[in-house]
Each structure stands twice: as structure tokens, then as C-alpha cells.
Amino acid sequence: MGRDEGKKVYHVLYTQVMDQDKIKPRLEKKLEGTDSEIFIPRMEYYRRGEKAVKIKPIFPGYTFVRTSIDPIELHKTVRDTAKETQIGIRELGFDKQEYHPCISSEEEEFLDFFCTGEGLLEMSVGYQEGNRYVVMDGPLKPFEDMIANVDKHNRKAFLKFEVDGRNAQAGFECKPKAHWFEDSSSKLATLSDGSEVDLNELRQKVLSAK
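Residues numbered from 1 in each chain as written. Predicted model: local features only at pLDDT ≥ 70, side-chain atom pairs only at ≥ 80, totals over all residues. Heavy atoms only, no water.

Peer 1: Help me out: how do you make sense of empty space enclosed by the protein in this one?
Peer 2: Unfilled space is identified by rolling a water-sized probe across the atoms. Counting across every chain of the model gives one cavity of 30 Å³ or more. As for the largest cavity, its lining consists of His-11, Val-12, Leu-13, Pro-71, Leu-74, His-75, Glu-91, Leu-92, Phe-94 and Tyr-99. If you list the elements that add at least two residues to the lining of the largest cavity, you get strand S1 (9–14), helix H2 (71–85) and strand S6 (90–92). For the lining of the largest cavity, the per-class residue count stands at seven nonpolar, two polar and one charged. (1 Å grid on protein atoms, 1.4 Å probe; cavity = no way out; pocket = protein on both sides within 12 Å on 5 of 7 lines; lining within 4 Å. Points joined across faces, edges and corners; volume = space filled by probe spheres on them. Helix = DSSP H or I, 4+ residues; strand = E, 2+ residues; numbered from the N terminus. Nonpolar A, V, L, I, M, F, W, Y, C, P; charged D, E, K, R; others polar.)

Spelled out as C-alpha cells, the structure:
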């Protein structure tokens, strides 16, 4: 399988969302004493209806295992856990008793962040510069090139990183560039939801649209 002895790799397990938090402690108990790290990446996000920051899984239903255990041995452990709990578990990259890595080296770097602390991606803040987004503060700063798009209204970033066809998301508040850099020609206005708008920039967009 071309796997380096002792090297940790990522395995991805999928269950129904309601079973996600049940599988993690079971696997932790079974893999106790090994070098395995089991985690569910979570993110802070802005819930507009409550005007508050909440927490939810980045990939609902997906649990990540980082370990150097032989894939076949891990497969047996996962199958035993599924049988004992009566929970369906799908193993990404595992087919016909062979394991094929489903996480790229670039994605591994992003996931490594979740192996530290509580595995929580806190809200990031920044601004838009042309077609790219600049992160001024927050955990997305080293990964700003991975931001594909931003839903400014719901303060959410969509990343160029997917698992099983699902793109990663992260909490991201996009403020006007004038918020970060002094500009005498800029005039900011704060909306009812707390977001800021550069009035001069808005005026130019309206005029150019006529």
C-alpha cells in the first residue's frame, strides 16, 4: 500500500449526524494506548436569527482518525464498533480490504490544526481585495488562499477543501477595507446586524450600475 512504517495518516469515517458524537468516545476507548487521535472538526458561526456566535461540525456526520495503526487493524476496530453500537459506519478510502488515502498533503496541513486544542475553528475576520480575501485575525490567516468565496451576509467562508464532495466552511466576518486601514475618503456605517458598510464604496457601486 506504499504506507511508511510509523507514519500517521488520516482516516475518515461517516455516520448519520445524530450518531457522530456517539462513535467518538467508543473509538477512543478501543484505541486507548495507541497514538490515535480522534476528532470532529467544529467551527464557530454567526447565527443571524439569534445574533450570536454558535458552534457546529464543519463536516456533519464525519469523524477523523489520525493514526499510524495499520489500516486493516483500524478497519477491524471500526467494524467491531459498528457491530456493538448498531451504528452504520462508512470508511472513506477503504475498499476490498485495501486502504487508499483520501486526504491530500495540503488538506492534511489544514486538518493538523484540529489535532491541537479542542479542534475548534474560531471566527476569523478580514476584508475583500479584488477576487481574494485577506484574513486579518483568526485561525484562517495561514489558510486564506483556501478561501473560495464568502457569504458576507451570513458571515461564512467556503474553502477550497472538500471531504467526500462536501466543501469545508468557516466563520468569517468580512469588514470593509477601510475598517482596517485609515482612509480619509472612507465613511463607515454600522448596520443593525453589526456589519459595516463603506458608504463611499457603496455610492460608487450604485453610480457605476446606472
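Having put the structure on the table, let's press on.
Peer 1: Would you explain the packing of helix H1 (residues 20–30) against H2 in this entry?
Peer 2: With their axes 10 Å apart at the nearest point, H1 and H2 run at an angle of 130 degrees to one another. With respect to their mutual orientation, H1 and H2 come out oblique. Relative to H2, H1 is oriented so that their crossing is right-handed. For the pair H1 and H2, the contacting residues are Ile-23, Arg-26, Leu-27 and Lys-30 in the first and Thr-77, Val-78, Asp-80, Thr-81, Glu-84 and Thr-85 in the second. For the contact of H1 with H2, the class distribution of residues is three nonpolar, three polar and four charged. (Axes fitted to C-alpha atoms, helices over the stretch in contact; angles between N-to-C directions. Parallel < 35°, antiparallel > 145°, perpendicular 65-115°, else oblique. Left-handed = near helix turned anticlockwise from the far one by under 90°. Contact = heavy atoms within 4.5 Å.)

Peer 1: Honestly, the pairing of strand S10 (residues 124–129) in this entry has me stumped. Any pointers?
Peer 2: Regular strands place side chains that alternate from one sheet face to the opposite one. As judged from the three bridges shared by S10 and strand S14 (residues 166–174), these two strands associate in the parallel manner. Along S14, the bridge assignment pairs Gly-126 with Cys-174. Judged from the five bridges that link them, S10 and strand S11 (residues 132–137) form a sheet pairing that is antiparallel. Within S11, the residue paired with Gln-128 across the bridge is Tyr-133. In this structure, the hairpin formed by S10 and S11 is closed by a connection of two residues, where Gly-130 is found at a positive phi of approximately 65 degrees. (Pairing = 2+ DSSP bridges.)

Peer 1: Would you mind going over the pairing of strand S12 (residues 147–151) with me for this structure?
Peer 2: In this sheet, strand S13 (residues 156–163) lies alongside S12 in antiparallel orientation, the contact comprising four bridges. Bridge pairing in S13 places Val-150 opposite Ala-157. Counting the residues that bridge the hairpin from S12 to S13 gives four residues, and of these Arg-155 lies at a positive phi of roughly 55 degrees.

Peer 1: Looking at this structure, how should I read H2?
Peer 2: For the α-helix, the turn length of 3.6 residues means that residues three or four positions removed from each other point alike. Helix length check: H2, at 15 residues, gives a terminal C-alpha distance of 21 Å against a target of 21 Å (1.5 Å per residue), a fit within 8%. For H2, the set of buried residues is Pro-71, Ile-72, Leu-74, His-75, Thr-77, Val-78, Thr-81, Ala-82 and Thr-85. Looking at the buried residues of H2, the elements they touch are S1, H1, strand S5 (62–67), S6, strand S7 (94–95) and strand S8 (98–99). Here H2 starts with a cap whose side-chain oxygen sits 3.0 Å from the backbone nitrogen of Ile-72, and that cap is Asp-70. (Expected span 1.5 Å × (residues − 1). Buried < 20%, exposed > 50% of the residue type's maximum accessible area, 1.4 Å probe, protein only. Polar contact = N/O pair within 3.5 Å; in protein donor to acceptor, adjacent residues only side chain to side chain.)

Peer 1: How do you make sense of the packing of aromatic side chains when you look at a structure like this?
Peer 2: Per the stated rule, a full pass over the model turns up seven aromatic pairs. Aromatic pair Tyr-14 and Tyr-62: ring centres 4.6 Å apart, planes at 45 degrees, arrangement tilted. Of this pair, Tyr-14 sits in strand S1 while Tyr-62 sits in strand S5; the two residues are 48 residues apart in sequence, bridging distant segments of the chain. The class for Tyr-62 is buried, based on a relative accessible area of 1%. When the ring of Phe-39 is compared with that of Phe-64, the centres are 5.8 Å apart and the planes differ by 15 degrees; the resulting orientation is stacked. Taken as a pair, Phe-39 in strand S2 (residues 37–39) and Phe-64 in strand S5 lie far apart in primary sequence, 25 residues in all. Taking relative accessible area as the criterion, Phe-64 reaches 0% and is therefore assigned buried. Chaining the aromatic ring pairs together yields one cluster made of Tyr-10, Tyr-14, Phe-39, Phe-59, Tyr-62, Phe-64 and Phe-161. (Phe/Tyr/Trp six-rings, centres within 6.5 Å; stacked < 30°, edge-to-face > 60°.)

That is the geometry; function is a separate question.
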